[in-house]
Amino acid sequence: MVEESSNKTVGVLALQGDFEKHLSALYEVGVNGKLVRTETELLSVDGLIIPGGESTAMTKLIMTFALEEPLTEFVKTKPVMGTCAGMILLSNQTDSDSVIGFGAINIELERNGFGRQLDSFSADIPLEFTNGNPFHALFIRAPKILNTGEDVISLATHDGETVMARNSNVLVTSFHPELTDNLAIHKYFINQILLSKENLN
Ligand code: GLN
């Protein structure tokens, strides 16, 4: 459950991909969730989750729905979580012109970077903020983080590679936390970022 009563609402970008599962996770955590498809809906939420899916398809839909500029502004100041394709969209560099990178978190990555044989796999990864308790992480054609900036903290690694990271307001995972019953990562986003003192006003 959330640490303090809150009337904040978290949006889930619902253009493509795994948005319903994130909405369910928010419900389980006990925070208001709302699907976001328009600028008006975006402006009505306090934070945003960009789900996994296909970053090229999501990029096209962001353009179609005229969300590029509103999202660019939103991610500069508001709490945002990006999982898998969502992490790609929040990164500052991509290896493809067909994918938008909003530059909300200072990471460079490679799409599908875990390699063809390992298109999908799962791994129990210890999370820094749960005293190293393992989280069963599902990786599906996951992006690989190649470099992180100085303002970026690694929160989990797999085989020595960072697979979860944050800066002050932005949380990203290479894997899909919404596809397990474990709510630790959604709770971390809500309690440590959305409801952190800096964002309470
Ligand atoms: N490989 C996908 C992309 O490049 C991401 C996969 C995912 O979100 N599960 O967008």
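Before reading further, recall that the structure is shown in the block above.
Residues numbered from 1 in each chain as written. Predicted model: local features only at pLDDT ≥ 70, side-chain atom pairs only at ≥ 80, totals over all residues. Heavy atoms only, no water.

Draft legend 1. Summary view of the overall build of the protein chain. Scanning the protein chain from terminus to terminus reveals six helices and eleven strands. For the protein chain, the spread of C-alpha atoms along the three principal axes comes to 45 × 40 × 30 Å. Counting over 201 residues, the protein chain shows a buried share of 52%. Restricting the contact set of the protein chain to residue pairs at least 6 apart, pairs at least 24 apart contribute 65%. (Helix = DSSP H or I, 4+ residues; strand = E, 2+ residues; numbered from the N terminus. Buried < 20%, exposed > 50% of the residue type's maximum accessible area, 1.4 Å probe, protein only. Contact = heavy atoms within 4.5 Å.)

Draft legend 2. View of the site of the ligand. Lining the immediate environment of the ligand, one finds Gly52, Gly53, Glu54, Ser55, Cys84, Ala85, Ile88, Arg111, Asn112, Ile140, Arg141 and His176. A distance of 3.0 Å separates an oxygen atom of the ligand from a polar atom in the backbone of Ala85. When the ligand sits alone it has 300 Å² of accessible area, and the protein chains cover 97% of it. A per-class count over the shell around the ligand returns four nonpolar, five polar and three charged. (Near = heavy atom within 4 Å. Polar contact = N/O pair within 3.5 Å; in protein donor to acceptor, adjacent residues only side chain to side chain. Areas by Shrake-Rupley, 256 points an atom, 1.4 Å probe, with all protein chains shown as cover. Nonpolar A, V, L, I, M, F, W, Y, C, P; charged D, E, K, R; others polar.)

Draft legend 3. Quick look at helix H4 (residues 68-77). For H4, the complete set of buried residues consists of Pro70, Leu71, Phe74 and Val75. With its buried residues spanning 120° around the axis, H4 presents them on a single face. For H4, the exposed residues set more than 90 degrees away from the buried face come down to Glu69, Lys76 and Thr77. (Arc of directions from axis to C-beta.)

Draft legend 4. Looking closely at the pattern of salt bridges. The tally for this structure, following the rule as stated, stands at four salt bridges. Ionic pairing is found between Lys76 and Glu73, a salt bridge with its closest N-O pair at 3.0 Å. Of this pair, Lys76 and Glu73 both sit in helix H4, three residues apart, roughly one helical turn. Look at Lys76 and you get exposed, because its relative accessible area is 57%. Judged by its relative accessible area of 40%, Glu73 is partly exposed. If you follow the salt bridges from partner to partner, you end up with Glu54, Arg111 and Arg141 in one network. (Salt bridge = Lys/Arg side-chain N within 4 Å of Asp/Glu carboxyl O.)

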